[in-house]
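Analysis of the macromolecular model
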2 protein chains.
Amino acid sequence: MREVAVIGIGQTTVDEHWDKSLRELAGEAVLAALANSGLSSADGLFVGNMMSGSANHQQHLGTYIADWVGLRHAEALHIEAACSSGAAAFRSALMAVASGSLDVAIAVGVEKMTDSPSSEVTAELATASDADWEASQGVSFVALNALIMRRYMYENKWEREHFAPFSINAHANGSHNPNARFQEPISENAYKRSPIVADPINLLDASPMGDGAAAALLVPASMLQKVNGGRIILVAASAAATDTISIQNRRDPLWLAAAERSSRQAYAQAGIGPEDIDLFEAHDAFTIMAALSLEASGFAPRGQGPRLALDGEIRPTGRIPIATRGGLKARGHPVGATGMYQLVEAVQQLRGEGGGSQVEGAVYAMTQNIGGSGSNIITHILHAS
Amino acid sequence: MREVAVIGIGQTTVDEHWDKSLRELAGEAVLAALANSGLSSADGLFVGNMMSGSANHQQHLGTYIADWVGLRHAEALHIEAACSSGAAAFRSALMAVASGSLDVAIAVGVEKMTDSPSSEVTAELATASDADWEASQGVSFVALNALIMRRYMYENKWEREHFAPFSINAHANGSHNPNARFQEPISENAYKRSPIVADPINLLDASPMGDGAAAALLVPASMLQKVNGGRIILVAASAAATDTISIQNRRDPLWLAAAERSSRQAYAQAGIGPEDIDLFEAHDAFTIMAALSLEASGFAPRGQGPRLALDGEIRPTGRIPIATRGGLKARGHPVGATGMYQLVEAVQQLRGEGGGSQVEGAVYAMTQNIGGSGSNIITHILHAS
């Protein structure tokens, strides 16, 4: 397997982009990644997207976007793994380059959600759960997460306000990110006053939908001297694992077995442990998911994710900074694009381009993208060398 | 890159499977491929599917199907490239094994189309074209192919009945395939009397939709002594290329540039030429596509695809047999599954399991899966050694 490096990144703001089509958003990110890399073309394009078939009446996004950005005749595919579609596209691009099939591959995640009424978006998001045994019962994704959070609070003796630091940290970091959907810090009082969406989840526990695209360009590390100077960002690890699609079928609904499995594989590939990770872009679609992700990935003991947050250890100056550019909570969660935003932001941190929420001296950055209610989890480790 | 072999295949019949869900269909094919391989599990599952998000209200098919067949915690992704989703899933599985990321990968293509009214299916198929510039103008896929066929007939002086042998050959071969949607031979008279769907395309030029699933299991060739005796089926080549998504943007709408590009790459990888191919599973969604595919892949001069058919050279005993198990026309075209049916049937031929339409002594089999109106084309060459 060839060693692979990321040499270009690009992103749009996460927003209500009513003036831009799906292809314009994806194109903006892809062309920015190309420009950032110094290259003018690529052999392959891997597009992560969840819902354009129903929301935008457009499938076949590989060809659709390759054509739009002028990658004429390049290989192009669309990869879908619900909310982990972004990281899945990155992993597919990575395998194409690592295997020697392609020399220059671009991964882009894109989602355009705000053209549809929110009731439709809720139904489309529910296609990530089990259509027969979850969605058709009327259980939305926020409801599934609320079930998990309620049980977690009961088992571990946490109160709602103990989850506030996840949201406060994300918004504080998002305030330094010009691409974030929300760029204002929030107070603990704002969190406490926030209206309940699905008890115990309130509005500030939940990430916002949005429109956006983020892209990265991958090449074999051996090509690097030719095209890039300075720091080299290597893909040190990539691992994916699944769990049951329905929470009801899990032996332990409070443990992200797929996160444990994919992070363990990733640590083994990189030859490091959780103590070596300088920042962790966790999948904080809901605050409970940030807590579970920290625990299953080896950063906190079981049931103690909120303790890390309460102790300030998830801030940019803490032991394991998360949501360093706002996370899903403040940067926003355009579902099929989110995993690519995480990876692009990890590259920014490793390059020292983290702005007001730069993690000083970061060398290893980990990202973890979650599809469904913990049922498809993809972990990457990037290394600045 | 590691050499990869196919050691297990499985398929369902192509039919109106109203009594089986999407996961039951896919599961049947995956479990058959596992049983056929002699293995009991796999590290990864790559699912090709086009329209389940809208037609079945179910996305996240990687996890959904891995969970169903008991591949607990395996990596699992859904790949979409319109009607070439099947071959795209195979190629993704191949890259995962070739790169060394996985040791045992299963690719499955599945589509369940007949639960939806045909007007909805037509709209869903149109999401493979350009939503803004083709589909929203009311141009269906059969209409796009009719435009191409009409121009092709004019340029090359062919009449409608010259396309009959494509359909007759497919149905003759399908009559020997117990998994085919149509298992009755047709006569030239039946073709001539067939009602027009979109002039000049008649009902017997067009492939039928259907429900079905087909799967293959891939391992590194170096593992083979451990798990399989007898003939070894190697993946000798895999290549993908795209073209503009809209026909209107093509310099030459009568030439499948993406087929030319991907077949040339495939020949180079396998170290052979078209003259070495013993059978060619072409993407005969419409008879015109079979002709164009034969030409762009080097089997017939430009404009002369129908000549090959008229001369009987596409039959199992001819120079370049196509649709050897019925093709899209008679085996059926469950869109996201089709590419996997082609590959499974190619393996059958190379194993000598081709039944009444066995191509004697076949050593090299080529498959070509087309997404959109020639806009995403994936070519594989399998080799029996």
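No experiment lies behind these values; they were computed from the predicted model shown.

Below, the discussion takes up the overall build of chain A. In terms of regular secondary structure, chain A is built from 14 helices and 11 strands. Viewed in the frame of its principal axes, chain A has a C-alpha envelope of about 55 × 45 × 40 Å. Residues classed as buried in chain A amount to 68% of the 385 residues present. In chain A, of all internal contacts separated by at least 6 residues, the share reaching a separation of at least 24 is 78%.

Rotating chain A by 180° about the axis while translating it 0.0 Å along that axis superimposes it on chain B, leaving an RMSD of 0.0 Å. The superposition of one copy onto the other is thereby described by a two-fold rotation axis. Across chain A, the rotation axis passes nearest the C-alpha of Ser99 of chain A, at a separation of 2.0 Å.

All right, on to the nonpolar core then. Formed by 84 residues in total, the largest nonpolar core has its most connected members in Phe90 of chain A together with Phe90 of chain B. When neighbours within four sequence positions are excluded, Phe90 of chain A is seen to be in contact with Val6, Ala107, Ala216, Leu218, Val235, Met340, Leu343, His380 and Leu382 of chain A. Grouped together as the second largest cluster of nonpolar side chains are 68 residues, Tyr191, Ala258, Ile288 and Leu328 of chain B included.

With that settled, the discussion passes to the pattern of salt bridges. Applying the stated criterion to the full structure yields 36 salt bridges over all chains. Here Glu75 of chain A and Arg91 of chain B are joined by a salt bridge, their closest N and O atoms 2.6 Å apart. Here the residue Glu75 of chain A occupies a position in strand 3 (residues 75–80), and Arg91 of chain B occupies one in helix 4 (residues 85–98), the pair thus bridging two chains. Arg91 of chain B carries the same exposure label as Glu75 of chain A, and that label is buried. A salt bridge links Lys112 of chain B to Asp115 of chain B, with the nearest nitrogen and oxygen atoms 3.3 Å apart. Residues participating in the shared-partner salt-bridge network are Arg23 of chain A together with Asp130 and Asp132 of chain B.

Looking now at the interface of chain A and chain B. Counting from both sides, the interface comprises 56 residues of chain A and, opposite them, 57 residues of chain B. Taking both sides of the interface into account, the surface hidden between chain A and chain B amounts to around 4500 Å²; carbon and sulfur atoms contribute 51%. Applying the counting criterion to the chain A and chain B interface returns 6 salt bridges. Summed over the shared surface of chain A and chain B, the result is 36 residue pairs in polar contact (both at pLDDT 80 or more).

All names here are of chain B. In this structure, the largest pocket occupies an estimated 640 Å³ of space. What lines the largest pocket is a set of 30 residues, and nearest its centre among them are Leu125, Val142, Ala206, Ser207 and Phe286. Mapped onto the lining of the largest pocket, the elements with two or more residues apiece are helix 5 (118–125) and helix 6 (141–156). Taken together, the residues of the lining of the largest pocket sort by class into 19 nonpolar, 10 polar and 1 charged. There is about 550 Å³ of room inside the second largest pocket.

Take the side chain of Glu124 of chain B next. All names here are of chain B. Examined against the element boundaries, Glu124 turns out to sit in helix 5. Lys112 provides the closest opposite charge to the buried, salt-bridge-free Glu124, at an N-O distance of 12 Å. Leaving out residues up to four positions away in the same chain, Glu124 has contacts with Met50, Met51, Ser54, Ala55 and Ser116.

To describe a pair of aromatic rings, one takes the distance between the centres and the angle between the planes. Evaluated as defined, the whole model comprises 6 aromatic pairs over all chains. Taken together, a centroid distance of 6.4 Å and an interplanar angle of 45° make the contact between Trp133 of chain A and Trp68 of chain B tilted. In this pair, Trp133 of chain A is assigned in the loop between helix 5 (118–125) and helix 6 (141–156) and Trp68 of chain B in helix 3 (residues 61–69), connecting two distinct chains. Its relative accessible area of 40% is what places Trp133 of chain A among the partly exposed residues.

In this section: unusual backbone geometry. Here the bond from Asp199 of chain A into Pro200 of chain A is cis, since omega is 10°, no more than 30 degrees from zero. Structurally, the position occupied by Pro200 of chain A is in the loop between strand 5 (196–198) and strand 6 (201–202). Notably, His57 of chain A is not glycine yet its phi reads approximately 50°, a positive angle. Relative accessible area serves as the criterion here: at 54%, His57 of chain A is assigned to the exposed category. The phi dihedral of His73 of chain B falls on the positive side, at around 75°, and the residue is not glycine. Counting through the fold element by element, His73 of chain B comes out in the loop between helix 3 and strand 3 (75–80).

Definitions and limits used
Residues numbered from 1 in each chain as written. Chains lettered and ligands numbered in written order. Predicted model: local features only at pLDDT ≥ 70, side-chain atom pairs only at ≥ 80, totals over all residues. Heavy atoms only, no water. Helix = DSSP H or I, 4+ residues; strand = E, 2+ residues; numbered from the N terminus. Buried < 20%, exposed > 50% of the residue type's maximum accessible area, 1.4 Å probe, protein only. Contact = heavy atoms within 4.5 Å. Least-squares fit on C-alpha atoms with pLDDT ≥ 70 in both. Core = buried A, V, L, I, M, F, W, Y, C linked by side-chain atoms within 4.5 Å. Salt bridge = Lys/Arg side-chain N within 4 Å of Asp/Glu carboxyl O. Buried area = accessible area lost by both parts, 1.4 Å probe. Polar contact = N/O pair within 3.5 Å; in protein donor to acceptor, adjacent residues only side chain to side chain. 1 Å grid on protein atoms, 1.4 Å probe; cavity = no way out; pocket = protein on both sides within 12 Å on 5 of 7 lines; lining within 4 Å. Points joined across faces, edges and corners; volume = space filled by probe spheres on them. Nonpolar A, V, L, I, M, F, W, Y, C, P; charged D, E, K, R; others polar. Lys, Arg positive; Asp, Glu negative; His and termini not counted. Phe/Tyr/Trp six-rings, centres within 6.5 Å; stacked < 30°, edge-to-face > 60°.

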